[in-house]
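# Inside the fold
Okay, here's what each chain looks like letter by letter:
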Amino acid sequence: MGDGYIRNAWYVAAWHHELSGGAERRPLARTLLGAPVVLFRQADGTPAALEDRCPHRRMPLSMGTVVGDTLQCGYHGFTLDGSGRCVRIPGQDSIPEAARVRAYPVVEKWRWIWIWPGDPALADESLIPDVALNGHPDWAVTEGDPLHVAGHYQLVVDNLMDGSHVSFVHKSTLGTDDVADIPVRAERDGDRVRMTRWILDRPPAPIYAALGGFEGNVDRWQIITFAPPSMVVVDMGSAAAGTGAPEGDRSRGVELRSFNLITPETDRTCFYFYTHVRNFSLTDAGVDRRVRDLFREAFLEDKVVVEGVQRGDERFPDSPRVDAAFDRAPTMARRVVERLARQEAVPDSRVAAAG
């Protein structure tokens, strides 16, 4: 379609709790990859996703009512099932074949509602990104509030793949003064991109000082992996300096994973879904609140920056951009997306010919 999106992929459409169940079932309107979509739960709780348009007068179906396994338009009562087919028109028995809208493959897994915006014949549930730690008994999960960001989704990916901004953006949470000068390693493995940085024998960042109670210096790690179309997994934490973290023994420290799923809304806005999982203080509600509050503060700081960059891109679209060494990983991730989007937009024979 020429918009730069990878469409034959799974994206997070909503949190599991955003789709109400039981007697309180209501439709949820959301624009995803530029397309108006309505999501709702059927009678047995399984999610459905349709084009947000009644085939009668183009009224948004999201303004209607969930009835059994169907969605009833709030204007004249046209009723559509989860396949997008109209099953009832008040006052008549015959239903025109054209009385249908697009239905999207949708799956509930790992606490999220996933949608496949591309060719439904290619929708393979095994391709849903692995976020199994969201339900692993040895890890505690903290769900982040869904964020709406007034910025292109790749700007959020750029931000997550760049560990150098923490010294400047996150001074009260993730940053310390000496991190920015420590080099990073960027590498690509197929369509995945990894950024690695070890900060050895340095003062702990405020978040890790709060969570780990460290009295002295720490060995801190940032291992950030991008997988297309828009998932970034951050393996992060700190351990007391010299206790073996660089060799793989992180058991004496504070270890977390951050799963970040970014879904385009438009070419200027996106939805940002994230969880944090930890393998310490699994049943401590106080730690859970602290993780939620500290990382929400950090991500709201990122939101301000990403939205500022978006405004800058719109104000100065033709100005040159100067990259730095720490931009290598974000740039590699963008190139993966650009290549996959081009391949998807071109017929197979032409892709093969292009080599």
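Summary of the structure given here. Since this is a predicted model, take the numbers as computed values, not measurements. (Residues numbered from 1 in each chain as written. Predicted model: local features only at pLDDT ≥ 70, side-chain atom pairs only at ≥ 80, totals over all residues. Heavy atoms only, no water.)

### Description of the side chain of H276
Stated formally: To qualify as a helix, a DSSP run of H or I must reach at least 4 residues; to qualify as a strand, a run of E must reach at least 2; elements of each kind are numbered from the N terminus. Using a 1.4 Å probe on the protein chains alone, a residue whose accessible area is under 20% of its type maximum counts as buried, one over 50% counts as exposed, and one in between counts as partly exposed.
Within the element layout of this structure, H276 appears in strand β18 (residues 270-278). Assessed through its relative accessible area of 2%, H276 is described here as buried.

### Examining the pattern of salt bridges
Operational definition: Note on definitions: salt bridges are taken to be side-chain nitrogens of Lys or Arg within 4 Å of carboxyl oxygens of Asp or Glu.
Enumeration according to the criterion identifies 17 salt bridges in this entry. A salt bridge links E51 to R53; the shortest N-O distance between them is 3.0 Å. Relative accessible area serves as the criterion here: at 25%, R53 is assigned to the partly exposed category. For R257, the salt bridge identified is with D235, shortest N-O distance 3.3 Å. In this pair, R257 sits in strand β17 (residues 254-264) while D235 sits in strand β16 (residues 231-240), placing the two residues 22 residues apart along the sequence. Pair check on accessibility: R257 and D235 agree, each one buried. A single network of salt bridges, built from pairs that share partners, joins D235, E255 and R257.

### Some words on the packing of helix α1 (residues 153-161) against helix α5 (residues 328-345)
When two helices pack together, you describe them by how their axes are tilted relative to each other and by the distance separating the axes. Rules: Fitted lines through C-alpha atoms give the axes, limited to the stretch in contact for helices. The angle between two N-to-C directions lies from 0 to 180 degrees. Put simply, a crossing is left-handed when the front helix is turned counterclockwise from the back one by less than a right angle, and right-handed when it is turned clockwise. Contacts between residues were defined by any pair of non-hydrogen atoms, one from each residue, lying within 4.5 Å.
It is at 8 Å that the axes of α1 and α5 come closest, and there the two elements cross at 140°. α1 and α5 meet at a crossing whose hand is right-handed. Between α1 and α5, the residues in contact are Y153, Q154, L155, V157, D158 and M161 and A329, P330, A333, R334 and V337, respectively.

### Some words on the nonpolar core
The condition is simple: To form a nonpolar core, buried Ala, Val, Leu, Ile, Met, Phe, Trp, Tyr and Cys residues must be joined to one another through side-chain atoms within 4.5 Å.
By size, the foremost hydrophobic cluster in this structure holds 80 residues, and its most contacted members are L39, W112, F226, L256 and Y272. When neighbours within four sequence positions are excluded, L39 is seen to be in contact with A13, L19, R26, P27, L28, R30, A48, A49, V106 and I113. Counting residues in each nonpolar core, the second largest holds 16 residues, with F40, A48, V66 and I89 among its members.

### A word on the sheet that holds strand β4 (residues 47-51)
Two modes of strand pairing occur in sheets, parallel and antiparallel, and in both the strands are linked by backbone hydrogen bonds. Rule in force here: Two strands are said to pair when DSSP picks up at least two bridges between them.
With antiparallel pairing, the 3 strands of this open sheet are ordered in space as β2-β3-β4. In this open sheet, the two strands that pair with only one neighbour each are β2 (28-32) and β4. In this sheet, neighbouring strand axes are inclined to one another by 30° on average, regardless of whether the strands run parallel or antiparallel. Looking at chain direction, strand β3 (residues 35-41) and β4 are connected through 5 bridges and run antiparallel. When the sheet's bridge partners are listed, L39 is paired in β4 with A49.

### What to know about the packing of aromatic side chains
The condition that has to hold: Between 30 and 60 degrees the pair is tilted, below 30 it is stacked and above 60 it is edge-to-face, where a pair is any two Phe, Tyr or Trp rings, Trp via its six-membered ring, whose centres lie within 6.5 Å. We count a charge as sitting over a ring when the NZ of a lysine or the CZ of an arginine lies within 6 Å of the ring centre and within 35 degrees of the ring normal.
Scanning all chains against the criterion turns up 10 aromatic pairs. Taking the centre distance of 5.5 Å and the plane angle of 55° together, the rings of Y272 and Y274 count as tilted. A centroid spacing of 4.5 Å and a plane angle of 80° characterise the contact between Y274 and F299, whose relative ring orientation is edge-to-face. Linking Y274 in strand β18 with F299 in helix α4 (residues 285-315), this pair joins segments that are 25 residues apart in sequence. In this structure, Y274 and F299 share a single accessibility class: buried. Through successive ring pairs, a cluster of aromatic residues spans Y272, Y274, F295 and F299. The ring of F271 is capped by R30, whose NZ or CZ atom sits 4.7 Å from the centre of that ring.

### Here we look at the state of the cysteines
We count it as follows: The disulfide criterion used throughout: a pair of cysteine sulfur atoms within 2.5 Å.
Overall, the coordinates contain 0 disulfides when judged by the stated rule. The thiol of C54 is not disulfide-bonded; the next cysteine sulfur, from C73, is found 3.8 Å away. For C54, a relative accessible area of 1% corresponds to the buried category. As a non-bridged cysteine, C86 has C54 as the owner of its nearest cysteine sulfur, 7.3 Å distant.

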